Amino acid sequence: MMAMRIVIALLTGALFGAGLVVSGMTDPGKVRGFLDLFGAWDPTLAFVMAGAVGVMAVGWRVAARLDRAATGDPMPGPAAARLDARLLGGAALFGLGWGLAGYCPGPAAASLLTGGAGVALFVAAMLAGMRAARWLG
Amino acid sequence: MPLDWLLGLLGGLMIGAAAAVFLIGMGQVMGASGLIAGLIAPAPSARRAERAAFVAGLVLVPALLVQLGPGPAFAPVVGWPVLILAGLLVGFGSRLANGCTSGHGVCGVSRLAPRGIAATLTYVASGVAGVLLARWAGWA
């Protein structure tokens, strides 16, 4: 099943990346345009989320009817309900960086080879930030 | 409807399909920050291999689309110091929150997960603040 997991991961990473390009989400100006409520607002990101959430809602319904994933691995348990400072504080910091540069992890990775040195710098800093978060346990 | 919105919807359907296949195929939530961070965290080699495969597809296919012509390439809209600060915040914050736009946004909101919804509302609000901060400071 390990080979099957690797193939699924490769194909879904490719489809995710292609979807980011098609949707325009590799354009940091477009992402920031959605967050620019007090400027020239661009609703494109809302359409992207609507499409993705719509399909994934069906995905969760299908998953709920299955005992196991195609690989035989167990499905995720029910969603946790607990909200804590770590979640909200982390999301607040994440969003601040997202609004500053217009990149979140997926689009940054998808732009790595075509966005020039600036994107590489962002990804390097992002990895350092991820590494630093491990110090908090 | 402007073409950009239609393409956004189409790309969103593709992103949702990727997340659904990831879930139904291997029983996991497709979160970009977790999969990328997993590459630099201690893990069994099998887990590391599948994360590397996901990131390889995510990095290489968009580059291929740009090379072949149909996909436009975009450069950052802010300078290097801001990119470094933003990258640190995105990396640190997404790990602290245990998810980003894909894990909390697409996968969490679509199952009405309280944590996914709370994280998404929070990072969109602070994202709005980030855009305002950058404008106020003259960075973008």
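Everything numeric here is computed off the predicted structure, so don't read it as measured data.

Caption draft 1: Structural detail: the overall build of chain B. Broken down by element type, chain B carries six helices and zero strands. Listing every helix and strand of chain B by position from the N terminus yields α-α-α-α-α-α. Reported as C-alpha extents along the three principal axes, the dimensions of chain B are approximately 45 × 35 × 30 Å. A burial count over chain B gives 50% of its 140 residues as buried. Contacts in chain B between residues at least 24 apart in sequence constitute 38% of all its contacts with a sequence separation of at least 6. Accessible area of chain B: about 5,700 Å², with a carbon and sulfur share of 74%.

Caption draft 2: Region of the structure containing the interface of chain A and chain B. The interface of chain A with chain B comprises 103 residues on the first partner and 104 residues on the second. Roughly 9,000 Å² of surface becomes buried between chain A and chain B when both sides are summed, with 79% attributable to carbon and sulfur atoms. Residue A:Asp36 is joined to B:Arg135 by a salt bridge in which the shortest nitrogen-to-oxygen separation is 2.5 Å. Where chain A meets chain B, there are 18 residue pairs in polar contact (both at pLDDT 80 or more). Every element with two or more residues in the side of chain A that touches chain B is listed here: α1 (2–23), α2 (28–35), α3 (44–65), α4 (85–101), α5 (105–110) and α6 (117–133) of chain A. Of all the elements, α1(A) adds the most residues to the side of chain A that touches chain B, at 18 residues. Across the side of chain A that touches chain B, the residue classes break down as 69 nonpolar, 22 polar and twelve charged.

Caption draft 3: Summary view of the packing of aromatic side chains. According to the stated counting rule, one finds eight aromatic pairs over all chains in the structure shown. For the pair A:Tyr103 and A:Phe122, a centre-to-centre distance of 5.4 Å together with 50 degrees between the ring planes defines the contact as tilted. Here A:Tyr103, found in the loop between α4 and α5, pairs with A:Phe122, found in helix α6; they are 19 residues apart in sequence, far enough to count as distant. Overall, A:Tyr103 belongs to the buried group, its relative accessible area being 0%. Ring centres 5.7 Å apart and planes at 75 degrees place the aromatic pair B:Phe22 and B:Phe54 in the edge-to-face group. Of the two residues, B:Phe22 is situated in helix α1 (residues 3–26) and B:Phe54 in helix α3 (residues 45–68); the sequence distance between them amounts to 32 residues. B:Phe54 carries the same exposure label as B:Phe22, and that label is buried. An aromatic cluster of three or more residues is present, and its members are A:Phe16, B:Phe22 and B:Phe54.

Caption draft 4: A look at the environment of A:Gly29. Residues and elements named next belong to chain A. Positionally, Gly-29 belongs in helix α2. According to the relative accessible area criterion, Gly-29 is partly exposed, its value standing at 34%. Residues Gly-29 and Ala-57, 28 residues apart in the sequence, show an inter-C-alpha distance of 28 Å.

Caption draft 5: Just the nonpolar core, in detail. Counting 67 residues, the largest nonpolar core has A:Phe16, A:Met56, A:Phe122, B:Met30 and B:Phe54 as the members making the most contacts within it. Broken down by element, the residue count for this core peaks at eight residues, all from α3(A). When neighbours within four sequence positions are excluded, A:Phe16 is seen to be in contact with A:Gly106, B:Ile15, B:Ala18, B:Met30, B:Ala32, B:Phe54, B:Leu58 and B:Ser102.

Caption draft 6: Spotlight on the confidence of the model for chain B. Per-residue pLDDT for chain B has a mean of 96; in total, 100% of the residues score no lower than 70. Reported confidences for the modelled complex are a pTM of 0.97 and an ipTM of 0.97.

Caption draft 7: A nonpolar patch on the surface, seen in detail. Nonpolar side chains collect at one region of the surface, where A:Leu37, A:Phe38, A:Trp41 and B:Leu132 lie side by side and expose about 430 Å² of accessible area between them. Inspection of the secondary structure assignment puts B:Leu132 in helix α6 (residues 114–137). B:Leu132 gets classed as partly exposed once you look at its relative accessible area, which sits at 34%.

Caption draft 8: Inspection of α6(B) at higher detail. For α6(B), spanning 24 residues, the distance from its first C-alpha to its last is 34 Å, which sits close to the expected 34 Å at 1.5 Å a residue. Count one or two residues on from α6(B) and you reach B:Gly138, which has phi positive near 80 degrees.

Caption draft 9: A look at the pattern of salt bridges. The final tally for this structure, using the stated rule, is eight salt bridges over all chains. Between A:Arg82 and A:Asp84 there is a salt bridge, and its shortest N-O distance comes to 2.7 Å. On the basis of relative accessibility, which here comes to 21%, the residue A:Asp84 falls in the partly exposed class. Residue B:Arg47 is joined to B:Glu50 by a salt bridge in which the shortest nitrogen-to-oxygen separation is 3.1 Å. Separated by three residues within a single helix, B:Arg47 and B:Glu50 lie in helix α3, roughly one turn from each other.

Criteria and thresholds
- Residues numbered from 1 in each chain as written.
- Chains lettered and ligands numbered in written order.
- Predicted model: local features only at pLDDT ≥ 70, side-chain atom pairs only at ≥ 80, totals over all residues.
- Heavy atoms only, no water.
- Helix = DSSP H or I, 4+ residues; strand = E, 2+ residues; numbered from the N terminus.
- Buried < 20%, exposed > 50% of the residue type's maximum accessible area, 1.4 Å probe, protein only.
- Contact = heavy atoms within 4.5 Å.
- Areas by Shrake-Rupley, 256 points an atom, 1.4 Å probe, with all protein chains shown as cover.
- Buried area = accessible area lost by both parts, 1.4 Å probe.
- Salt bridge = Lys/Arg side-chain N within 4 Å of Asp/Glu carboxyl O.
- Polar contact = N/O pair within 3.5 Å; in protein donor to acceptor, adjacent residues only side chain to side chain.
- Nonpolar A, V, L, I, M, F, W, Y, C, P; charged D, E, K, R; others polar.
- Phe/Tyr/Trp six-rings, centres within 6.5 Å; stacked < 30°, edge-to-face > 60°.
- Core = buried A, V, L, I, M, F, W, Y, C linked by side-chain atoms within 4.5 Å.
- pLDDT = per-residue confidence, 0-100.
- Patch = residues over 30% accessible without salt bridge, like charges linked within 9 Å, V, L, I, M, F, W, Y side chains within 5 Å.
- Expected span 1.5 Å × (residues − 1).

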